[in-house]
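# Survey of secondary and tertiary structure
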Amino acid sequence: MNNDLQVRPKPKFGVSDDDEDEMLNYQELFQRSNLQPSAQVIREPKIKRQQSTENEDRKRKTSNIDLTETTVMRPIIVERDVSSTPIQLPKPINDSFPQAKYRGNEDDLEKITVPNVKKASMFAKQMYRDGKLKVCQELEEKKSSIQNEKMSHSKLLTGCGLGEVTGERELQRIHNENVERLNSMNENEILEEREKLLKSLDPKLIAFIRKRTKQEDEGLIYRPSASTAQPMDIENQKSTTIPIETDSCWLHMDKVEYEKLEWMKDLPTPSAQRAPDESNPDGVPARFDFKGNLMSRTADISVTAALHHHGEEPEAAGYTLEELFHLSRSAVLQQRVIALQTLANIIRQAHTGVYDLDLQLPLIQKLLEAGIVFLIRWAMDEQIEAIYMVAVECLANLIAPRKDEEILSRTTHWPCGYYEPSLTPAEIELGEKKSESDLTDVEILEQDLVKCLFRMNVLKRSVYLLNGMKLLPALTSTITVRNIFHILIRMARHSMTCANQIFEEKQLMDFIVQEFIPEFAIPNDEGHVYGHLLPEALKFCRVLANHGSTLTYNLIHRYELHKRLGNHLVAAMNRSLSSEDNQALAELFSLWRIFILQGHMADEFGSLIPTVILPFCRTCIQQMPNMMISQLLVQLIALFDALIIHITKFIMKHRNSSEEESNAINWSHIDGLFDIILTVEKQTLIETDEEIDLDALQTVGLSCLASFLIGQQLLTINLLDLPLKVHQIRVQFLEPLLRSTSMKKLIETVKLNTATLPTNSTRNLPTLTQTNISSFGFLNALLRLTNIIYQIDKSLPNSKKFITELMLTKNSEIVVYVKKMLNKLTSNSIRKVPWFEQFEHGFLFQFVQILYQEKSDQDLPSIYYEILLALLPSLLKGYHFLAQETFKLIFFDLSYWKRSNEIELADLSLITNESLHLASNQSIIVSSSQRTLLYERAIEHLPSLYTYYKNILHINRSSVDLNICDIHFGNLFQSDDLLKLNIHYSHTLLDITWPYGLLSSLYTNVLTIADENQRLELILNSLRFVYILEMKHSLILYKTLSKTTRFSMIAGIYLLGSEIFLEKNIADYLVAFLNCFNEQNLLQKLETKSNIQSLMTFFDFYRTLVDQYEACSFGDILYSNYLLIPLQQIYDNQLRKQVWIEHSTVLRYLRLKPDQILFPLEHFFVPYENDLEILRYYAQVLLNGTIQKSIQLFLYMIAVHHLNGFLFDQTRTEQFNLQRTIMKTIQSISTNNKILHDELVNYKTFSREGPVIFASLPSIRSAYAMLRLIFNGICTVTNTLLNRNETQASTSRWRIFRNFLGSTMSSLGRPLIRSIVNNETVYEYVNTLLSNPTTREHHRRANLGLDRHSRPTFRRRTYHHGGIRIIRPIIHVHVRQ
Amino acid sequence: MNAPATFESFLLLDGERKIIVEKDSKVPNAVVFTISKEDHTLANMLRAQLLKDPKVIFAGYKIPHPLENKVILRVQTASHEYSAVNAMENAIKDLIFEMDMLEDRVKSAIANRQSAE
């Protein structure tokens, strides 16, 4: 024990905190051993003092300090007794300074090495040299050897890294602690902990530990027996979760502050439940891992995945978006990089739509709202590569979904696939600002993301980054360069303005062309992107070139692209094809194709054909079933297609001009291509073992062959040769293709492939998101070729019927698809058209056209006509030709229109050229045969309707008519300057209200046609067509247009001119329409609170209609009918107020008799009016004679009906005042206008002839009137009585009278009395009387007012006795005993 | 800047007629009066007066466009013996009479008032 005490605390290296355990240990030992304190109060012996100072000095210098006896501080400080101390003079010295203290030679020290210590301090070395260290070491060894004997060794810990001396001791201490802890736990606890550890530790680590344990000590696992387990301290139970034990020895440390030690607890197990959040009560924040996968909250994710962190919910793995945003602004670079990288991954995944089902809100939209764009933009400005690269990736992922581009590139070679979408969001709303430059970045961002990017100088930054990355190693920069191109491509896709803006950014364009489309390809050195042809750069040029011929011209000539591309093409042909080159070459073809379509660089390509292209094709064919080659061939054949179109166009244009351009490209250049293409296509039919997707190649081949045939036919070159070619195609390619098994499979899956609306598209960033690629491109091309073949060989459709046989088999999926498509097209009036649906439109049209040709005798089912009609409003801008062709097909097929499905054909002999005079001032009911007659009449006008509707298509275009080439080549034949291969991604060609033609633009005064006749013709045309559709019960009217729109469009004719409705022709249609609507019960189903599609609100419309009626109707019966429709009781009372209150002059002309009204009258009478203001006006116009029975019978009837109902209605208390006033006025006029009074009181019901009146007053009403009389009498009496004084009031006669009153009243209801008695005082009196009939204090309570609770409850009951409504209240009168 | 001159709303242009009377060919006994340089002030008054006439079955006006300073008034009477032009004349006479009466009454009322003070 004593030994222990005397052991000096071992020296420590570095700054170490006091070892409390040790200190306490010593303290305890000391107390137990009862040792003498080492410091004592002693008198210093005198001898010592007399020692010479010199000796002392020397001694001190080399003093051998006894470690065991040294005390740091003397416990008692005693003043030295200096009384007897002799005072010595200072010793004279020779030197001017005291002698320097000597510590031995320091150089020697460096050579000394202390055993067992790696790096000994100078002090230690000195001690060692002086032989003092030995003591300490010996002690240490001795101690540890004792301990070794006593205790077991840890198997696991070696303590290396802790230092030799401390290590050993520390190790032992840790081990002891472990053992002690294990001892304190019972078996279950240990197993639990073990389980926990096994879970939380890296499995590799566990395996390592196990192995190590086994090596050192086979099978020996320390496990305390159950008996040694300590009983648990119940009081300290709480602390078991926190590994802290208190010790009373610590000053002020005896209380454990658990709330501060929360962090030491184990993580709670993650649960799906979460503390309720105010902002979002259901749902938990989404957490993502680094790859952007959504993390499940309940899944058990090991902490080694590094997804747990000190966030809001440490137990849940993964990062929320908020946390990522936070981290992306961290000061630590790595955190920023990781956060942005994770965000980039999340965005990439979000665009694929994987989150759509899991997240409550659209993720991309939320990110944009949170300002991710600014975050990225800031990150792009950083100088460190790691971060700007991630930022670029993030931006590319955000604005340019990879899937969009991929599918777009796979559809470019489809028929009409050269149209690229211009992804322009809706027009920027300026709000209060004057111009776009006044808007802040944030405001622009909300409306248009790409424009905002331009504002934020992304272009300039891109140049800088591209330039800066040139010096980086190839591996790091390649992806970022590509990402920058993705961003640029998406920006160029925005609109023509943006494309021009990019093109004008000269620095950027120069750099791109110089570096990525160099004049000559330099031999490749380990995949560096700079100085080589980059596919993305070519694609970027293609997207720019799509924006029009002018931009293309500038692009080619500023950079001499023809030379550059030519060089590369020739070079690539001579090289063996590697995959990288392959991609660039494919892009090069693709770019060249767009150039040729725009009318540039065709000659250059033509000159290359015989020398370069044809040999290349031959080599390709030899290698044929090959994925890589087929991709190349697809682009090459698409290029041929463009070339054929260009040449056809060119020759057609210059045919009439006399000058002969010898060097220009002509048909002979491409004549040889036919065989090549056919050979390639034949190759695709060869069945191969390996799965190679040759659909694309077949598609492009089909359309190229079709173009070839069209070209040859149009130009009338070798017409004799043409049937031969057709035969060749049929036999060698088309028929085998139609028979192939893959074809059948394709048709079976067709209905699954329909295009869907993008889900991730936001308002400021439209995207095209499409999950799968459909087969409609292929089908479209197939049908196009078949169509052409039919046109060349007219006998074929009757003999062969390829398509009918293929697609219209039993249980055909195509028919199912067409039905589904019809539903989809007519599903919603505000349907947005997905970009990729355009191919389906083309397919549907071609399909119907072919079926039309193939039908022999039986008619085509109506569904095909319906679908074409439904298709029209879905066509995108740019598909003029398709719309025109559809019109042609529909309007010229009389067989469809004359078909009698529900329409009984009128006797044809009735058709004369005279006007039908359906509308007369006498009756407006038109029989169905007359209507059919009108229908026949309208059908006769179909050819002129075609011209009319065709002109609507071209109303906004410079060229009015499309020629035949346009139709075949899909509108590519416009004049070159206007040619644009970009069409807006969702703007449709025709409005949903297209059947109404120009009517809606007439309503809004967009179109001003001064000539009256022209205007009449226009209106008539629209009316005719709509009438035809209406009679056909056409789906497009019924489904896509709301009833309100259908009604208003027709009623709106009245607004188009003061005298339009007086024209007989138009009036005929107006009558017929009214009858039609009436038959469909449409007049009762208008939605008066909604908008008229693509026009104004119904309310505004009605107001202008009433205005117009007021100004120039002449009280026309038909017009009055139209005007009355919204006045029915089922509609909003605002509409009635318009007529009855705001335009009360109108009432004078509405001289309708009830039998002149076409539709059921009940709707004007049932239910009763309950708007007090209108009722007051009813009374007013009746009383002041604006409405008279002899003139405006119908209005009179309405007013009387509602007033009567109102006056005898006793259900509502708030109307009593008005009731009384009106009643009084009526009474007052009863002398001079007896009829009105009688009718108001005696009114029974309405009828076509006029109001029906009770001969005598019905009992209930007469009782009512009687009561009124009695009460009037009573009131007078009471009034006089009340005016008498108190003494008289208490007389016995008064009491009798009061009792009489009380009993009478109690048999009636108070409200009834209130409605009858119009004297407030009397009412109050009666009221008090009723509630307290026996009290004498009645008059004192007179002012207390009506007691709410004692009011009788009324139950409303309606009895119908010949149309009269009686309301009989059930009265509970409470009489107190 | 390009606002029409203020006098345009009340000064007749050279050769412009104040009132044009046309018979409506499609409606019996109907006449369309086009009154230049007038607005609601006159037209509304005229219409109200016309509608008081029991033989007038329709009287309505409209201003074709706010910038065109004219009013189109359509009047229809019950029979051809009493034409719309007659009705119009009567209405104008009545209106003038009413105005005169109003003026007289105002004057006499003022006179009464002044004499009372």
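These figures come from a predicted structure and were not determined experimentally.

How each quantity is defined
One numbering rule holds for all chains: residues counted from 1, following each sequence as written. To read the labels, note that chains go from A and ligands from 1, taken in the order they are written. Note on the predicted model: pLDDT of at least 70 is required for a residue's local features to be given, and 80 or more for side-chain atom pairs to be given and counted; whole-chain, interface and lining totals, by contrast, use all residues. The side-chain quantities take in all heavy atoms of the structure and omit both hydrogens and water. The secondary structure listing takes helices from DSSP runs of H or I that are at least 4 residues long and strands from runs of E that are at least 2 residues long, numbered from the N terminus. Between buried and exposed lies partly exposed: a residue is buried under 20% and exposed over 50% of the maximum accessible area for its type, with that area taken using a 1.4 Å probe on protein chains only. Any two residues whose heavy atoms approach within 4.5 Å are treated as being in contact. Computed with the Shrake-Rupley method and a 1.4 Å probe, the accessible areas treat only the protein chains shown as cover for residues. We call a set of buried Ala, Val, Leu, Ile, Met, Phe, Trp, Tyr and Cys residues a nonpolar core when their side-chain atoms join them within 4.5 Å. Two parts placed together each lose some accessible area under a 1.4 Å probe, and the buried area is that loss summed for both. Salt bridge, as used here, is a side-chain nitrogen of Lys or Arg placed within 4 Å of a carboxyl oxygen of Asp or Glu. Polar contacts, as counted here, are pairs of nitrogen or oxygen atoms within 3.5 Å of one another; within protein the pair requires one atom able to donate a hydrogen and one able to accept it, and residues that are adjacent in sequence qualify only if both atoms are side-chain atoms. Each residue gets one of three labels, nonpolar for Ala, Val, Leu, Ile, Met, Phe, Trp, Tyr, Cys and Pro, charged for Asp, Glu, Lys and Arg, and polar for the others, Gly among them. UniProt positions are given in the numbering used here, feature names are shortened, and annotations may be inferred rather than shown by experiment. Confidence scores here are pLDDT values: one per residue, from the predictor, ranging 0 to 100. Two rings from Phe, Tyr or Trp (for Trp, the six-membered ring) form a pair when their centres are within 6.5 Å of each other. A pair whose planes differ by under 30 degrees is stacked, one over 60 is edge-to-face, and the rest are tilted. Our definition puts a charge over a ring when NZ of Lys or CZ of Arg is within 6 Å of the ring centre and also within 35 degrees of the ring normal. Whether two strands pair depends on DSSP finding at least two bridges between them. Between N-to-C directions, angles span 0 to 180 degrees; the directions come from axes that are lines fitted to C-alpha atoms, helices contributing only their stretch in contact. What goes into a patch is any residue over 30% in relative accessible area without a salt bridge, connected to like charges within 9 Å or, for nonpolar side chains (Val, Leu, Ile, Met, Phe, Trp, Tyr), within 5 Å. One fewer than the residue count of a helix, multiplied by 1.5 Å, yields its expected span. When describing relative orientation, an angle under 35 degrees is termed roughly parallel and one over 145 degrees roughly antiparallel, while 65 to 115 degrees is termed roughly perpendicular and anything else oblique.

To continue, consider the overall build of chain B. Helix and strand counts for chain B come out as two helices and four strands. The 117 residues of chain B split such that 31% are buried. Counted over contacts in chain B with a minimum sequence separation of 6, partners at least 24 positions apart contribute 50%. With the model as given, the accessible surface of chain B reaches about 7700 Å², and the carbon-plus-sulfur share is 58%.

Glancing now at the overall build of chain A. Secondary structure assignment for chain A yields 63 helices and eight strands. Burial analysis of chain A (1377 residues in total) assigns 48% to the buried set. A fraction of 73% describes how many contacts in chain A between residues 6 or more apart in sequence connect residues 24 or more apart. Of the roughly 70800 Å² of accessible surface on chain A, 52% is carried by carbon and sulfur atoms.

In globular proteins that are soluble, nonpolar side chains generally tend to be buried together. Residue and element names in this part refer to chain A. Among the nonpolar cores identified, the biggest contains 372 residues, and Phe516, Phe605, Trp897 and Tyr1122 are the most heavily contacted of them. Ranked by residues supplied to this core, first place goes to helix 28 (residues 627–654) with 13 residues. The residues touching Phe516, leaving out its near neighbours within four places in the chain, are Leu466, Val481, Phe485, Phe511, Val529, Tyr530, His532, Leu533, Leu534 and Ala537.

Each partner contributes residues to the interface: chain A has 16 residues there, and chain B has 15 residues. Taken together, both faces of the contact between chain A and chain B bury some 1400 Å²; the carbon and sulfur share is 56%. Joining chain A to chain B, the criterion identifies three salt bridges. Between Glu1059 of chain A and Arg74 of chain B there is a salt bridge whose closest N-O contact spans 3.5 Å. For the interface between chain A and chain B, the tally reads seven residue pairs in polar contact (both at pLDDT 80 or more). Taken together, the elements giving at least two residues each to the side of chain A that touches chain B come down to helix 50 (1098–1112) and helix 53 (1146–1149) of chain A. In terms of residue count, helix 50 of chain A provides more of the side of chain A that touches chain B than any other element does, five residues in total. Looking at the side of chain A that touches chain B residue by residue, the classes come out as six nonpolar, five polar and five charged.

Let's shift gears to the pattern of salt bridges. Two side chains bearing opposite charge may form a pair once their charged atoms approach each other closely. In total, this model carries 37 salt bridges over all chains according to the counting rule given. Connected via shared salt-bridge partners are Glu405, Glu420, Arg493, Lys539, Arg542 and Glu587 of chain A.

This part covers the UniProt feature "coiled-coil region" (unreviewed entry) in chain B. Using the residue numbers shown here, the UniProt feature "coiled-coil region" (unreviewed entry) corresponds to residues 85–112 of chain B. Each end of residues 85–112 of chain B is marked by a C-alpha atom, and these two atoms are 40 Å apart; helix forms 100% of the span and strand 0%.

In this section: the side chain of Glu420 of chain A. All names here are of chain A. As for its placement among the helices and strands, Glu420 is situated in strand 3 (residues 420–422). Its relative accessible area of 2% is what places Glu420 among the buried residues. Ignoring sequence-local partners within four residues, the contact set of Glu420 consists of Thr412, Arg493, Arg542, Val543, Asn546, Trp835, Leu981, Asn982 and Ile983.

For the rest of this paragraph, the subject is the confidence of the model for chain A. Residue and element names in this part refer to chain A. Averaged over chain A, the pLDDT score is 75; the fraction of residues at 70 or greater is 71%. Taken as a whole, residues 59–71 scores under 50 in pLDDT and shows ten contacts with residues more than four places along the chain or in a different chain. When the criterion is pLDDT under 50, residues 217–240 qualifies, and its contacts beyond four places in sequence or with other chains add up to 19 contacts.

Attention shifts here to the packing of aromatic side chains. Evaluated as defined, the whole model comprises 50 aromatic pairs over all chains. Summarising the aromatic geometry, the rings of Phe1165 of chain A and Phe1194 of chain A are spaced 6.2 Å apart at their centres and angled 85° between planes, so their arrangement reads as edge-to-face. Placement of Phe1165 of chain A in helix 54 (residues 1162–1165) and of Phe1194 of chain A in helix 56 (residues 1193–1207) is noted, with a sequence separation of 29 residues between them. Across the pair, exposure class does not vary: Phe1165 of chain A and Phe1194 of chain A are buried alike. Looking at Arg558 of chain A, its charged tip hangs above the ring of Phe503 of chain A, at a distance of 4.1 Å from the centre. Lys55 of chain B extends its terminal NZ or CZ atom over the ring of Tyr82 of chain B, reaching a point 4.8 Å from the ring centre.

What follows covers the environment of Ile651 of chain A. Residue and element names in this part refer to chain A. For Ile651, the position within the fold is in helix 28. Taking the C-alpha atoms as reference points, Ile651 and Trp667, 16 residues apart in sequence, are found 8.4 Å from one another. Leave out the neighbours within four places in its chain, and Ile651 touches Asn666, Trp667 and Leu715.

Turning our eyes to something else, we now look at unusual backbone geometry. A cis geometry characterises the amide bond from Val1166 of chain A onward to Pro1167 of chain A, with omega recorded as -5°. Mapped onto the fold, Pro1167 of chain A is located in the loop between helix 54 and helix 55 (1172–1183). The phi dihedral of Cys416 of chain A falls on the positive side, at around 65°, and the residue is not glycine. Within the secondary structure, Cys416 of chain A sits in the loop between helix 16 (402–411) and strand 3. One non-glycine residue, Lys37 of chain B, adopts positive backbone phi at about 55°. Examined against the element boundaries, Lys37 of chain B turns out to sit in the loop between strand 2 (30–36) and helix 1 (40–52).

Attention shifts here to the sheet that holds strand 4 (residues 70–77) of chain B. Residue and element names in this part refer to chain B. In space, the four strands of this open sheet follow the order 1-2-4-3, with antiparallel pairing throughout. The sheet is open, and its two borders are formed by strand 1 (19–23) and strand 3 (56–62), each paired with just one other strand. Mean inter-strand twist for the sheet, computed between neighbouring axes without regard to direction, equals 15°. Along the sheet face, helix 1 touches strand 2, strand 3 and strand 4 and points at about 170° away from the line of strand 3.

Residues and elements named next belong to chain B. Of all the eight residues making up strand 4, seven are buried; the element is thus mostly covered by neighbouring parts of the structure. Bridging between strand 2 and strand 4 involves seven bridges; their strand directions are antiparallel. Within the sheet, the bridge partner assigned to Ala30 lies in strand 4 and is Gln76.

Below, the discussion takes up a nonpolar patch on the surface. Residue and element names in this part refer to chain B. A contiguous nonpolar patch, built from Met45, Met99, Leu102, Val106 and Ile110 and spanning about 430 Å² of accessible area, is present on the exposed surface. It is helix 2 (residues 84–116) that contributes the most residues to the nonpolar patch, four residues altogether. You can see Met45 is positioned in helix 1. The class of Met45 is partly exposed, set by a relative accessible area of 33%.

To continue, consider helix 50 of chain A. Residues and elements named next belong to chain A. Between the first and last C-alpha of helix 50 there are 21 Å, a value that for 15 residues agrees with the 21 Å anticipated at 1.5 Å per step. Among the residues making up helix 50, those that are buried are Phe1098, Phe1101, Tyr1102, Leu1105, Val1106, Gln1108, Tyr1109, Glu1110, Ala1111 and Cys1112. Remark: Phe1114 follows helix 50 within two positions and exhibits a positive phi of approximately 55°.

Moving on, we come to the packing of helix 20 (residues 474–494) of chain A against helix 21 (residues 496–504) of chain A. Packed helices, taken two at a time, are described by the angle between their axes plus the distance between the axes. Residue and element names in this part refer to chain A. Following both chains from N to C, one finds helix 20 and helix 21 inclined at 130°, their axes separated by 5 Å at the closest point. What the angle tells us is that helix 20 and helix 21 run oblique. Across the interface between the two elements, Leu488, Met491, Ala492 and His494 of helix 20 pack against Cys498, Ala499 and Ile502 of helix 21. Each residue belonging to the contact of helix 20 with helix 21 can be placed in one class, and the counts come to six nonpolar, one polar and no charged.

It is worth spelling out helix 15 (residues 385–399) of chain A at this point. Here helix 15 of chain A contains 15 residues, and its C-alpha end-to-end distance of 21 Å stays within 8% of the 21 Å for a straight helix at 1.5 Å per residue. Summarising burial for helix 15 of chain A: 13 of the 15 residues are buried, a large majority.

Residue and element names in this part refer to chain A. Relative to the helices and strands, Thr699 is located in helix 31 (residues 695–715). In this structure Thr699 comes out as buried when scored by relative accessible area, which is 2%. Those residues in contact with Thr699 that sit more than four places away from it in its chain are Trp414, Pro415, Gly777, Phe778 and Ala781.

What follows is about the pairing of strand 2 of chain B. All names here are of chain B. Most of strand 2 is tucked away, with seven of its seven residues classed as buried. Burial along strand 2 is two-sided: the face carrying Ala30, Val32, Thr34 and Ser36 and the face carrying Val31, Phe33 and Ile35 are both buried. Remark: six residues form the turn of the hairpin made by strand 1 and strand 2, two consecutive strands paired antiparallel; Asn29 in that turn has positive phi of roughly 55°.

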